[in-house]
Amino acid sequence: MTKQKSIHDKLTELAGNLWWSWQPEVTSIFREIDHDLWDELSHNPILLLREYSPDRLEERARQEVLHSRINGAYRRWQEYMDSSDTWGDTHAGVLGHRPAAYFSAEFGLHESLRVYSGGLGVLAGDHLKSASDLGIPLVAVGLFYHEGYFSQKVDEHGWQQEQYTFAEPSDLPMTEAIGADGKPVKIAVETRHGSIFARVWRLNVGRVPLYLLDTNIPENSDEDRKLTARLYGGDHRTRIRQEIMLGIGGVRALTALGINPRVIHMNEGHSAFAPLEIIRMRIKNDGLSFDDALRETAASGVFTTHTPVPAGHDRFDHSLIEEHLGPLADELGLGVDACMGLGRVDPHNHSESFCMTVLAFKTSRRANAVSNLHGVVSRRMWHSLWPYRSEEEIPIGHITNGVHVSTWLAHQMRVLYDKVLPANWHLKSGEPEVWAGFERVTPAELWETHQSLKNRLIVFARESLVKQAQRLKRSEADSQALENVLDPRTLTIGFARRFAPYKRADLIIRDIDRLARLADDPERPVQFIFAGKAHPADDHGKSILQRIARLEHDDRFFGRIVFLEDYDMNLTRHLVQGVDVWLNNPRRPLEASGTSGQKVVLNGGLNFSILDGWWAEAFDGENGFAIGTGQTHANQDIQDQRDADSLMDVLEHEIIPLYYDRDDDDLPLGWISRMKRAVRTLGWRFNADRMVMDYVKECYIPAAGSLSCEMTTMP
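Residues numbered from 1 in each chain as written. Predicted model: local features only at pLDDT ≥ 70, side-chain atom pairs only at ≥ 80, totals over all residues. Heavy atoms only, no water.

A. Local environment of the sheet that holds strand S19 (residues 606-610). Taken together, six strands build an open sheet; the order of strands is S17-S16-S15-S18-S19-S20 and the sheet is parallel. If you trace the sheet from one side to the other, it starts and ends with strand S17 (561-564) and strand S20 (625-627), each paired once. The mean angle between the axes of side-by-side strands here comes to 20 degrees, regardless of whether they run parallel or antiparallel. Pairing analysis gives three bridges linking S19 to S20, with the strands arranged parallel. (Pairing = 2+ DSSP bridges. Helix = DSSP H or I, 4+ residues; strand = E, 2+ residues; numbered from the N terminus. Axes fitted to C-alpha atoms, helices over the stretch in contact; angles between N-to-C directions.)

B. Quick peek at helix H24 (residues 569-578). The element H24 is extensively covered by neighbouring structure, given that ten of its ten residues are classed as buried. When H24 is considered as a whole, its buried residues turn out to be Met569, Asn570, Leu571, Thr572, Arg573, His574, Leu575, Val576, Gln577 and Gly578. Between the side-chain oxygen at the start of H24 and the backbone nitrogen of Asn570 there is a gap of 3.1 Å, and the oxygen is on Asp568. (Buried < 20%, exposed > 50% of the residue type's maximum accessible area, 1.4 Å probe, protein only. Polar contact = N/O pair within 3.5 Å; in protein donor to acceptor, adjacent residues only side chain to side chain.)

C. View of the pairing of strand S8 (residues 208-214). Of all seven residues making up S8, seven are buried, and the element is well covered by its neighbours. Side-chain alternation along S8 places Val208, Leu210, Leu212 and Asp214 on one buried face and Pro209, Tyr211 and Leu213 on a second face that is also buried. Pairing of strand S2 (residues 138-143) with S8, which is carried by four bridges, proceeds in the parallel orientation. Considered in S8, the bridge of Gly142 is made with Leu212. In the sheet, strand S7 (residues 194-205) pairs with S8 via seven bridges, with the strands oriented antiparallel. Counterpart to Trp201 in the pairing with S8 is Leu212. Where S7 folds back on S8, the antiparallel hairpin that results is connected by two residues, among which Gly206 adopts a positive phi of roughly 65 degrees.

D. Layout of the packing of helix H20 (residues 443-471) against H24. Interhelical geometry of H20 versus H24 gives an angle of 140 degrees and a closest axis separation of 8 Å. As the angle between them shows, H20 and H24 are arranged oblique. At the point where H20 passes H24, the crossing takes the left-handed sense. Here H20 contributes His450, Leu453, Lys454, Arg456, Leu457 and Phe460 to the contact with H24, which in turn contributes Asn570, Leu571, Arg573, His574, Leu575, Gln577 and Gly578. By residue class, the composition of the contact of H20 with H24 is five nonpolar, five polar and three charged. (Parallel < 35°, antiparallel > 145°, perpendicular 65-115°, else oblique. Left-handed = near helix turned anticlockwise from the far one by under 90°. Contact = heavy atoms within 4.5 Å. Nonpolar A, V, L, I, M, F, W, Y, C, P; charged D, E, K, R; others polar.)

E. Up close: the pattern of salt bridges. This model, assessed by the stated rule, comprises 48 salt bridges. Note that Asp224 and Arg241 form a salt bridge whose closest N and O atoms lie 2.6 Å from each other. Of this pair, Asp224 sits in helix H9 (residues 222-225) while Arg241 sits in helix H10 (residues 236-256), and the two are 17 residues apart along the sequence. The two residues Asp224 and Arg241 agree in class, both being buried. One network of salt bridges, with partners in common, ties together Glu190, Arg252, Glu277, Arg280 and Glu331. (Salt bridge = Lys/Arg side-chain N within 4 Å of Asp/Glu carboxyl O.)

F. Fine view of the pairing of strand S3 (residues 151-154). Looking at chain direction, S3 and strand S4 (residues 160-163) are connected through four bridges and run antiparallel. Following the sheet pairing, Gln152 is matched in S4 by Glu162. Here S3 folds back onto S4 in antiparallel fashion, the turn holding five residues, of which Gly158 has a positive phi close to 85 degrees.

G. View of the side chain of Ser271. Among the secondary structure elements, Ser271 is positioned in the loop between strand S9 (263-267) and helix H11 (274-286). Apart from the residues within four sequence positions on either side, Ser271 is in contact with Phe103, Leu246, Gly247 and Met266.

H. Quick look at the packing of H11 against helix H12 (residues 290-299). Where H11 meets H12, the closest approach of the two axes is 9 Å, and the angle between their N-to-C directions is 130 degrees. In this view, H11 runs oblique relative to H12, as classed from their interaxial angle. In this structure, the crossing between H11 and H12 has a hand that is right-handed. From H11, Pro275, Ile278, Ile279, Arg282 and Ile283 reach across to H12, where they touch Phe290, Ala293, Leu294, Glu296 and Thr297. Classifying every residue of the contact of H11 with H12 gives seven nonpolar, one polar and two charged.

I. Spatial organisation of unusual backbone geometry. Between Arg588 and the following residue, Pro589, the backbone shows a cis peptide bond with an omega angle of 5 degrees. Inspection of the secondary structure assignment puts Pro589 in the loop between strand S18 (581-584) and helix H25 (596-602). The phi torsion at Glu268 lies on the positive side, around 80 degrees, for a residue other than glycine. Structurally, Glu268 is set in the loop between S9 and H11.

J. Just a negative patch on the surface, in detail. Taken together, the side chains of Asp36, Asp39, Glu40, Glu51 and Glu463 make up a negatively charged region of the molecular surface. Position of Asp36 relative to the elements: it lies in helix H3 (residues 35-40). (Patch = residues over 30% accessible without salt bridge, like charges linked within 9 Å, V, L, I, M, F, W, Y side chains within 5 Å. Areas by Shrake-Rupley, 256 points an atom, 1.4 Å probe, with all protein chains shown as cover. Lys, Arg positive; Asp, Glu negative; His and termini not counted. Charge placed at Lys NZ, Arg CZ, Asp CG, Glu CD.)

K. Highlighting the packing of aromatic side chains. Within the structure shown, the criterion is met by 28 aromatic pairs. Each ring, one from Trp614 and one from Phe686, has its centre 4.9 Å from the other, and the planes form 70 degrees; the classification is edge-to-face. With Trp614 in the loop between S19 and helix H26 (615-618) and Phe686 in the loop between helix H28 (669-682) and helix H29 (688-704), this pair connects stretches of sequence that are 72 residues apart. Taking relative accessible area as the criterion, Trp614 reaches 4% and is therefore assigned buried. A network of ring pairs unites the aromatic residues Trp447, Phe625, Tyr659, Tyr660 and Trp671 as a single cluster. Directly above the aromatic system of Tyr164 lies the positively charged group of Arg230, at a separation of 3.6 Å from the ring centroid. Here Lys599 stacks its cationic end above the ring of Trp408, 4.9 Å away from the centre of that ring. (Phe/Tyr/Trp six-rings, centres within 6.5 Å; stacked < 30°, edge-to-face > 60°. Lys NZ or Arg CZ within 6 Å of the ring centre and 35° of its normal.)

L. Examining the environment of Gln641 more closely. Within the secondary structure, Gln641 sits in helix H27 (residues 636-660). Residues Gln641 and Asp666 lie 25 residues apart in sequence; the distance between their C-alpha atoms is 36 Å. In this structure the side chain of Gln641 is engaged in a polar contact, spanning 2.9 Å, whose partner is the side chain of Asp645.

M. Spatial organisation of the side chain of Asp580. Here Asp580 is to be found in the loop between H24 and S18. Of the residues examined, Asp580 reaches a relative accessible area of 1% and is grouped as buried. A distance of 2.8 Å separates a polar atom in the side chain of Asp580 from the backbone nitrogen of Thr492. In this structure, Asp580 is in contact with His450, Gln451, Lys454, Thr490, Leu491, Thr492, Gly605, Leu606, Tyr659 and Trp671, ignoring residues within four places of it in sequence.

N. Up close: the environment of Arg556. Residue placement: Arg556 occurs in the loop between helix H23 (539-549) and S17. Look at Arg556 and you get partly exposed, because its relative accessible area is 36%. Considered as a pair, Arg556 and Thr442 are 114 residues apart in the sequence and their alpha carbons are 38 Å apart. Contact partners of Arg556, with chain neighbours within four places excluded, come to Ile512, Asp513 and Ala516. Separated by 3.1 Å, the side chains of Arg556 and Asp513 make a polar contact.

O. Broad picture of helix H16 (residues 372-381). Within H16, the full set of buried residues consists of Leu373, His374, Gly375, Val377, Ser378 and Arg379. Those residues of H16 that are buried are in contact with strand S13 (366-369), strand S14 (396-398) and H26.

Structure, rendered in structure tokens:
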């Protein structure tokens, strides 16, 4: 007779698959086992269960009446993993025996796994989760950063300080990847000065396996052991070594695992060396010429470009390419100069550096930007790669980003959705008709649900501020004062993102006196919650962050403006679920898409944004608010002032009056009408299920069936 599994066994299995991270019912089980320990351990169920023996866990489960919930969650997970009745089973069967391979330098899956820095990584994580929910045959490849991205502390002067902590693989839901030979996978990538070795870890993201390469092994030198220590750390030499490991090493890891992908999807240019390794294999194994191997490899390539900011495209000089790509260039039958040409707009311009984005375009037949406007900008930006085509004919399309609904939708809002949307609506969230029923939500119920989430955010913010004050050894009086900052009855605006200068976090304080008057209005006040990190090497971004952080010490803004340190997925979750308004004011058209505002939509918040990225195709005049008209001035300073004026005008004359216009039951009916319209018109369009289905239909399936097609003509 098979031994019955204990609840400790079942929870251990659940903790080993990140499926639990987008299941609020499962998350609540871990939280109820030990609320304080759950928070202390950064919501890591593996560490939590390590503190509980099977007997102690049984006792705790009896106390909290958790047995039936644990058994139910375990059964649902098994049914999920075993199901073949999925959208992907119907629409993506061609990928079944040879899946799509998704390469990304970072993956934002959960706050306990710090291998992400921001939007790019969270987008990649949402892509995997939706691919899993839809049943898409997909594998993913990345790097395991033991120290991850930095933890942020803000000192008494408001200046950002970076701290790094070491993560043990045994503390995370990772296991050694086992190759086709039954042994743990280890791979090597050759350089002119020796090989770099890596082991491979496997994480299960629902039905999708994610393989992370790790150079912290004895076979490497001390320098190379640290190669994958930090995300976006180090100099250009570190970066190119990380990228040959991600691209070349990633393909070699898949080969060792017995995985022969039909499609290579490069999420940004960091992984653009991957097609070169596939070309090498085709030359060696199939006897193809370089040109034939390039043509066939590019036919199966998909490239997503994410940034219109020049600094976001990695470039390397000849010496770095010679050192790190030289051995591969030899095997390709190319000299290093010819290899350099693959990464140049003009292959014959020897003064031009090697650009990873250019290489990605040249080795993929299908390329896309991440919003409609970003597509326009990208075609203009890379027009020189196709000099004989008009701008409209440049082969760069767009698939607008979306967010994973189950990850970002608050549980309280999920209950509301379940009442008015069709049964199993979450399995069809990319279909517009599914969302029409949201209009049936009663204003009072929607408002009360939103208010409960707002109260939760404010409690979280107060606790965070008190902890920060205690860390800085501020007086007990100061700490006590922070326990009462922010008012749940006050219009609350959130701003949280990377503190890059072009995102203009300080735009709202250009007219500081006007802002102070609005914030302190006795009848209709406004309060702001800021969060975000500046890149460790970006002193300009840090100075903008400092200006914002120090406002909370200005008597005019005490209790009205706060800065929450160490922006991560947990902080994001509280913010996007609790704010009334989400502010986004980048310098158009430098925001490729943006997804934080899409998370806000799901939870009933309203966007207040420059008409850039996704908002340029989302705003209809009644589902949020716009800053400016979408037109830009040639003079950047003039444009910044125009946008600042528009921001304050819309805030003072549209947003504040609408929010405080209440009926006899204290309901802002005009505001609630916009909330409902935002969810109904935007929820289906800007979610990751729709996004992944678009990738399957427009990229993966055509790429999988076009191995004999001609590659797009490139210089």
